[in-house]
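Structure at a glance
Now for the letters of each chain:
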Amino acid sequence: SQKIEQNSEALNIQEGKTATLTCNYTNYSPAYLQWYRQDPGRGPVFLLLIRENEKEKRKERLKVTFDTTLKQSLFHITASQPADSATYLCALDGANAGKSTFGDGTTLTVKP
Amino acid sequence: DAGVIQSPRHEVTEMGQEVTLRCKPISGHDYLFWYRQTMMRGLELLIYFNNNVPIDDSGMPEDRFSAKMPNASFSTLKIQPSEPRDSAVYFCASSLSRGNGNTIYFGEGSWLTVV
């Protein structure tokens with residue numbers, strides 16, 4: 001069955017360091033992979049989308065990589081700030097499917 | 001744009017009662033999704049619509065759950081009768097399919113507690 005695993009439930013890092021979150025999947029051939037941010041009591045908010053034929057995508061301090069051979073995406077936040085503390089979810093889309101399947105998320109805490 | 005609007009934001013109800021959650025998607029979006037989020041199971045897709053037509057309801061847990069989308073600007077998720085295990089946050093979301101992957105816009109959620 002299809003499975004999405006995000007590296008750990010929680011990640012604690014010091015302000016200024018780079019946070020790296022992992023999304024691994026099995027029994028899936030996604031056409032797109034997305035990352036969302038969710039703050040407590042709020043709905044997830046879209047951050048970045050990367051296509052299967054793209055290796056890397058950047059947006060300000062965010063960087064996403066997508067390795068379809070390893071079946072893995074890495075999400076990096078450089079120069080992390082306490083305001084980056086949140087839960088980050090990865091989501092996979094098929095080529096023609098309208099729906100996205102979400103991982104369970106990793107809760108990032110950036111300490112000042 | 002006001003974003004996806006859900007109501008009620010919070011609901012506490014007794015077991016056995018009917019619960020109706022409402023959603024107004026972003027104008028122009030052709031996909032609408034209902035998700036449920038719990039600590040144990042994460043974010044689960046219950047059902048989604050395309051152009052008001054239900055496409056996949058395989059995530060609906062049982063017959064007590066039903067969803068409708070009578071027009072492009074309104075959808076409901078109904079639970080009848082409700083049970084304590086239905087307590088969760090229910091998110092409505094919408095997206096515009098452009099063949100580039102569906103960026104999903106979520107509402108703020110309806111927090112349901114069944115006692």
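Going by the structure above, here's the rest.
Cut-offs applied
- Residues numbered from 1 in each chain as written.
- Chains lettered and ligands numbered in written order.
- Predicted model: local features only at pLDDT ≥ 70, side-chain atom pairs only at ≥ 80, totals over all residues.
- Heavy atoms only, no water.
- Helix = DSSP H or I, 4+ residues; strand = E, 2+ residues; numbered from the N terminus.
- Rg over C-alpha atoms; globule rule 2.2 N^0.38 Å.
- Lys, Arg positive; Asp, Glu negative; His and termini not counted.
- Charge placed at Lys NZ, Arg CZ, Asp CG, Glu CD.
- Buried < 20%, exposed > 50% of the residue type's maximum accessible area, 1.4 Å probe, protein only.
- Contact = heavy atoms within 4.5 Å.
- Buried area = accessible area lost by both parts, 1.4 Å probe.
- Salt bridge = Lys/Arg side-chain N within 4 Å of Asp/Glu carboxyl O.
- Polar contact = N/O pair within 3.5 Å; in protein donor to acceptor, adjacent residues only side chain to side chain.
- Nonpolar A, V, L, I, M, F, W, Y, C, P; charged D, E, K, R; others polar.

What follows covers the overall build of chain A. Scanning chain A from terminus to terminus reveals zero helices and eleven strands. Secondary structure elements of chain A occur, N-terminal to C-terminal, as β-β-β-β-β-β-β-β-β-β-β. Whereas a compact globule of 112 residues would reach a radius of gyration of roughly 13 Å, chain A reaches 13 Å, a difference of no more than 12%. A principal-axis box enclosing the C-alpha atoms of chain A has dimensions of 40 × 30 × 20 Å. Between the centroid of the 14 positive side chains of chain A and the centroid of its 12 negative side chains there is a distance of 2 Å.

What follows covers the overall build of chain B. When its secondary structure is counted, chain B shows zero helices and eleven strands. In terms of overall dimensions, chain B is globule-like: its C-alpha atoms have a radius of gyration of 13 Å, near the 13 Å expected for 115 residues. Projected onto its principal axes, the C-alpha coordinates of chain B cover approximately 40 × 30 × 30 Å. A buried classification covers 49% of the 115 residues belonging to chain B. The long-range fraction of contacts in chain B, counting pairs at least 24 apart against all pairs at least 6 apart in sequence, stands at 54%.

Before going further, it helps to spend a moment on unusual backbone geometry. Geometrically, the link from B:Ser7 to B:Pro8 is a cis peptide bond, its omega value of -10° lying close to zero. Within the secondary structure, B:Pro8 is located in the loop between strand 1 (5-7) and strand 2 (10-13). Between B:Gln80 and the following residue, B:Pro81, the backbone shows a cis peptide bond with an omega angle of -5°. Positive phi, close to 55°, is recorded for A:Asn27, a residue that is not glycine. The topology assignment puts A:Asn27 in the loop between strand 3 (19-26) and strand 4 (32-38). Despite not being glycine, B:Asn52 has its phi angle at roughly 75°, a positive value.

The figure often quoted for interface size is the accessible area lost as the parts come together. Taken together, the 19 residues of chain A in the interface contact 22 residues of chain B. Taken over both partners, the interface formed by chain A and chain B buries close to 1,600 Å², and the fraction arising from carbon and sulfur atoms is 47%. Our count for the chain A to chain B interface comes out at one salt bridge. Summed over the shared surface of chain A and chain B, the result is five residue pairs in polar contact (both at pLDDT 80 or more). For the side of chain A that touches chain B, the elements supplying multiple residues, two or more each, are strand 4, strand 5 (45-51), strand 9 (86-93) and strand 10 (100-102) of chain A. In terms of residue count, the dominant contributor to the side of chain A that touches chain B is strand 4 of chain A (four residues). For the side of chain A that touches chain B, the class distribution of residues is eight nonpolar, six polar and five charged.

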